[in-house]
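This is what each chain is made of:
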Amino acid sequence: MKNQTVLLLACCLLPASLLADELTVRVQLADGTGPVAGAVVYMNDGSKPSPVRSAVSQRDRMFHPHVLILPVGSSVDFPNRDNTQHHVYSFSPAKTFNLELYANRLEAPVVFDQPGIVELGCNIHDHMQAFIVVANTRAIGQTNEQGEVTIALDFGDAQVPGSLNLNIWHPRLPDNTKPVVREITAASLTNAGIETVSIVLTPEPSLEGPMNNLQKRFQNL
């Protein structure tokens, strides 16, 4: 029985040397109406990214960029380039923080030390929204207008399990607090084919609506 278990386990593992060093993924809408641009695709292949220092600015009452991809442990500045104050916050489990009303630039950046999806908002301007995807892998990228992205893989010398999780995230997923996970076989990584994934997205959000009383009060501060 023990020998059978060892044999079965061996059949489920592939040496990393047999696998391709990159994977191309095509993300499309489940209803077949077209490709999905701006989707974040990543796989935990064991590669470890190095932290960086980045920025999410506020300009014209919008966050820039709308989606930021970060390695775990990175720090982010939140400069305010508007002529009004902003109050930046996040309630996301991966990073909870609260930058109360301020203008210009804060002295200290915010450190993102846990992987996950972090949603940003402004307590004054409800329409302001952005996301930070914090990842613990270098195998990550964002799809282009054709819905495609090629991510570099680095399994090192590890034995790769028979199946792997491919993570796909987009701001308009019905539940955008976590990625959609698709299981792929390690054997599919032994050739240079394209992995196609279909996802469902919610409709595009409407543009900024009328300001409420609180927004009007702070718009010129």
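The structure displayed is predicted, hence computed values, not measured ones.

**Q** I'm lost on the pairing of strand 2 (residues 22-29) in this one. Help?
**A** If a strand is regular, its side chains alternate between the two faces of the sheet. Bridging between strand 2 and strand 15 (residues 148-152) involves five bridges; their strand directions are antiparallel. Residue pairing across strands places Glu-22 opposite Ala-152, the latter belonging to strand 15. Strand direction decides the pairing type here: strand 2 and strand 19 (residues 194-199), joined by six bridges, are parallel. Across the sheet, the residue bridging to Val-27 is Val-197, located in strand 19.

**Q** Teacher, can you tell me more about unusual backbone geometry here?
**A** The peptide bond linking His-64 to Pro-65 adopts the cis configuration, its omega dihedral lying at 0°. Within the secondary structure, Pro-65 sits in the loop between strand 6 (62-64) and strand 7 (67-71). The backbone of Arg-61 shows a phi angle near 60°, a positive value even though the residue is not glycine. Considering the arrangement of structural elements, one finds Arg-61 in the loop between strand 5 (57-59) and strand 6.

**Q** Looking at this structure, how should I read the side chain of His-86?
**A** Tracing the backbone shows His-86 in strand 9 (residues 86-92). Of the polar contacts made by the side chain of His-86, one reaches the side chain of Asp-82; its length is 2.8 Å. Reaching out from His-86, the side chain makes a polar contact with the side chain of His-125 at a distance of 3.1 Å. Dropping the residues within four chain positions of it, His-86 is found in contact with Gln-58, Arg-61, Asn-80, Leu-99, Glu-100, Leu-101, Tyr-102, Cys-122, His-125 and Met-128.

Rules and cut-offs
Residues numbered from 1 in each chain as written. Predicted model: local features only at pLDDT ≥ 70, side-chain atom pairs only at ≥ 80, totals over all residues. Heavy atoms only, no water. Pairing = 2+ DSSP bridges. Helix = DSSP H or I, 4+ residues; strand = E, 2+ residues; numbered from the N terminus. Polar contact = N/O pair within 3.5 Å; in protein donor to acceptor, adjacent residues only side chain to side chain. Contact = heavy atoms within 4.5 Å.

Shape descriptors only; they carry no functional weight alone.
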